[in-house]
Amino acid sequence: MSEHPVLPPESTDNESVAARLAREAKRQVAQGNLKKKKLVYLELNGCSGNIISLLNGSNPDFEYMITSMVDLLYSNSLMAAEGEQAVQRLFDLAAGDEEFILAVEGAVALKNNGMYHLVGKIGDRPVTGLEMAELLGKKATHVISVGACSVDGGPSAARPNLSQSVGLQGVLDRHIIKLPGCPVNPDWFLGTLAHLLMFGEPKLDDMNRPLMFYSTLIHDRCPRRPFFDQGIFAEKLGEPYCLFKVGCRGPVTRTDCPTRKWNDHVNWPIGASTCIGCAQFGFPDRMAPFISYDTTKE
Amino acid sequence: MADMVTIQRQMDLTFAEINYLIRLMYATEDEHTKNLTLNQMWNKIAHLQFLNQLLVAASFQQGQAAIPLQNSPQTMLPDSTNAPTANNQMEFTREQLAQFTGMNGQPAYVAVNGVVYDVTNNAAWSVATHFGLSAGRDLTQEFASCHTGQQWILDTLVPVGRLIA
Ligand code: SF4
Ligand code: SF4
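Fair warning: this is a prediction, and the values are worked out from it, not measured in the lab.

**Here's the deal with helix H6 (residues 129-139) of chain A**
Stage number 1. Looking only at H6 of chain A, the buried set comprises Gly-129, Leu-130, Met-132, Ala-133, Leu-136 and Gly-137 of chain A. Within H6 of chain A, the buried residues cover an arc of 160° as seen down the axis, which keeps them to one side.

Below is the structure:
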């Protein structure tokens, strides 16, 4: 038993665990027990979906939360600095001996030596995502891959993969905490970061995903599961039965979506349609088809 | 479709059984009985959940066709009315196997190490696809590369015959 057991009526479900972790980290920082660490949030080849998803987090909102836990040194979407000034900051970090945590969303485009994805320019020289991923990746104290593209290429690396994108691990030979999902849930990122700040790295599975968010097989906690067990399947979307026959990837995907849900915990994909396996390695190509009406008997 | 009264009677019954199991849990000291009781309770609650879902579905159902009650996929045996699945010793050539893609209402079969398995209702094979692989093929190599040493996976599948040549 821990020193401070969490007693009822405090909720012990996993969404409250994430919220508690983040709040506690913020409190510790405010009280001066925890020194603020520095965070670089780098957006590489992708759709910026993860940062949008993170900004969708609320109570408290993401920007407030993240800046009270860490010093956000760099974030394409959130910082005020721009242009050369911003890029220079990254080079300073790479050259200096400041400690920082690196979070990366998006894949690394390899084609033409990285020219398919630029993060900025120094003078006339284009600075590629590839260059930055390697430079900062080597230097950071911890690296977190945020979202499908960063974890293993994701949609950026989907066929025909014109930019020859790969996941961050493809260019970095070091330990990386992986948070798959397309996009990542704000709680998964904030919870992992808070844990990292207060207690060090959270427990990971053999694919380096934090167990506290990625250990539940969706199919095991799905509210439609009784219908699966009885062999009652929906033939089209909108029917309230198990979606196995129209293409549900819940049985091969591990996240806490069924209990955490999305958009402020209001609903989730299986609430309306199939799970497309966005948090499984190999998404999207290996999770296709997302939906099919031309399907098996019974 | 099961009528509301039947569902409700079943629910009442299940509640009574759960109450009984809870009392048993209090009374017993024996670890083994405790675990067994817990397990039964789990089953009862799952059943309750199903009945509840059935009620929800019943309201959705109004004006629609009956719920297609089928065999449970977990206990599903090969369909004995369907010629190729009639016995486990059915022989398949690669061409024959290729017809069982799971599309157009066909069952989904795959071969591993010379044995043909039915994955039609296997949870990991939604719409007869599994991590980009489709049914109707010999997947011996793919199985070996992803599930090395996981023979148990094959043991959970329903064999329907052998692959010849
Ligand atoms: S809807 Fe998907 S996750 Fe839910 S029981 Fe059916 S197959 Fe499993
Ligand atoms: S339910 Fe499936 S598709 Fe939906 S967010 Fe979770 S993992 Fe992604």
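**Looking at the packing of helix H3 (residues 62-69) of chain A against helix H8 (residues 186-199) of chain A**
Residue and element names in this part refer to chain A.
Stage number 1. One way to put it is that H3 packs onto H8 with a least axis distance of 11 Å and a crossing angle of 10°. Here H3 is positioned roughly parallel relative to H8, judged by the angle of their axes. Each of Phe-62, Met-65, Ile-66 and Met-69 in H3 lies in contact with H8, whose residues at this interface are Phe-189, Leu-190, Leu-193, Ala-194 and Leu-197.
Stage number 2. Of the residues that constitute the contact of H3 with H8, the class distribution is nine nonpolar, no polar and no charged.

**Notes on the UniProt feature "binding site: [4Fe-4S] cluster 1" (unreviewed entry) in chain A**
Residue and element names in this part refer to chain A.
Stage number 1. UniProt annotation of "binding site: [4Fe-4S] cluster 1" (unreviewed entry) refers to Cys-47, Cys-149 and Cys-182 when read in the numbering used here. These annotated residues cover 136 residues of sequence, and their C-alpha atoms all fall within 10.1 Å of one another, placing them together at a single site.
Stage number 2. Inspection of the secondary structure assignment puts Cys-149 in helix H7 (residues 148-152).
Stage number 3. Here Cys-149 falls in the buried class, since its relative accessible area comes to 11%.
Stage number 4. Not counting chain neighbours up to four residues away, the residues in contact with Cys-149 comprise Asn-45, Gly-106, Ala-107, Gly-154, Pro-155, Ser-156, Val-166 and Gly-167.
Stage number 5. Position of Cys-182 relative to the elements: it lies in the loop between strand S9 (177-179) and H8.

**Details of the domain arrangement of chain B**
Stage number 1. You can read the domains of chain B as domain 1 (4-61) and domain 2 (80-163).
Stage number 2. Using only C-alpha atoms to locate each centre, domain 1 of chain B and domain 2 of chain B end up separated by 36 Å.

**Side note on the UniProt feature "domain: Cytochrome b5 heme-binding" (unreviewed entry) in chain B**
Stage number 1. Taking the UniProt record as the reference, the feature "domain: Cytochrome b5 heme-binding" (unreviewed entry) is found at residues 92-164 of chain B.
Stage number 2. The span residues 92-164 of chain B shows a helical share of 22% and a strand share of 26%, and its end C-alpha atoms are spaced 6 Å apart.

**A closer look at the site of ligand 2**
Stage number 1. All residues adjacent to ligand 2 are Ile-218, Thr-253, Thr-255, Cys-257, Trp-262, Trp-268, Pro-269, Cys-275, Ile-276, Gly-277, Cys-278 and Ala-279 of chain A.
Stage number 2. Taken together, the residues of the shell around ligand 2 sort by class into nine nonpolar, three polar and no charged.

**Considerations on the UniProt feature "binding site: [4Fe-4S] cluster 2" (unreviewed entry) in chain A**
All names here are of chain A.
Stage number 1. Mapped onto this numbering, the UniProt entry gives "binding site: [4Fe-4S] cluster 2" (unreviewed entry) at His-219, Cys-222, Cys-242 and Cys-248. Separation in sequence by 30 residues is not matched in space for these annotated residues, since their most distant C-alpha atoms are only 11.1 Å apart. Checking the named residues against the largest cavity, the ones that line it are His-219, Cys-222, Cys-242 and Cys-248.
Stage number 2. Here His-219 lies in helix H10 (residues 218-221).
Stage number 3. Examined against the element boundaries, Cys-242 turns out to sit in the loop between helix H11 (225-229) and helix H12 (257-260).
Stage number 4. What makes Cys-242 buried here is its relative accessible area of 8%.
Stage number 5. Discounting chain neighbours no more than four positions away, the residues touching Cys-242 are Arg-224, Phe-227, Phe-228, Ile-232, Phe-233 and Ala-234.

Definitions and limits used
- Residues numbered from 1 in each chain as written.
- Chains lettered and ligands numbered in written order.
- Predicted model: local features only at pLDDT ≥ 70, side-chain atom pairs only at ≥ 80, totals over all residues.
- Heavy atoms only, no water.
- Buried < 20%, exposed > 50% of the residue type's maximum accessible area, 1.4 Å probe, protein only.
- Helix = DSSP H or I, 4+ residues; strand = E, 2+ residues; numbered from the N terminus.
- Arc of directions from axis to C-beta.
- Axes fitted to C-alpha atoms, helices over the stretch in contact; angles between N-to-C directions.
- Parallel < 35°, antiparallel > 145°, perpendicular 65-115°, else oblique.
- Contact = heavy atoms within 4.5 Å.
- Nonpolar A, V, L, I, M, F, W, Y, C, P; charged D, E, K, R; others polar.
- UniProt positions renumbered as here; feature names shortened; annotations may be inferred.
- Domains from an automatic or database assignment.
- Near = heavy atom within 4 Å.
- 1 Å grid on protein atoms, 1.4 Å probe; cavity = no way out; pocket = protein on both sides within 12 Å on 5 of 7 lines; lining within 4 Å.

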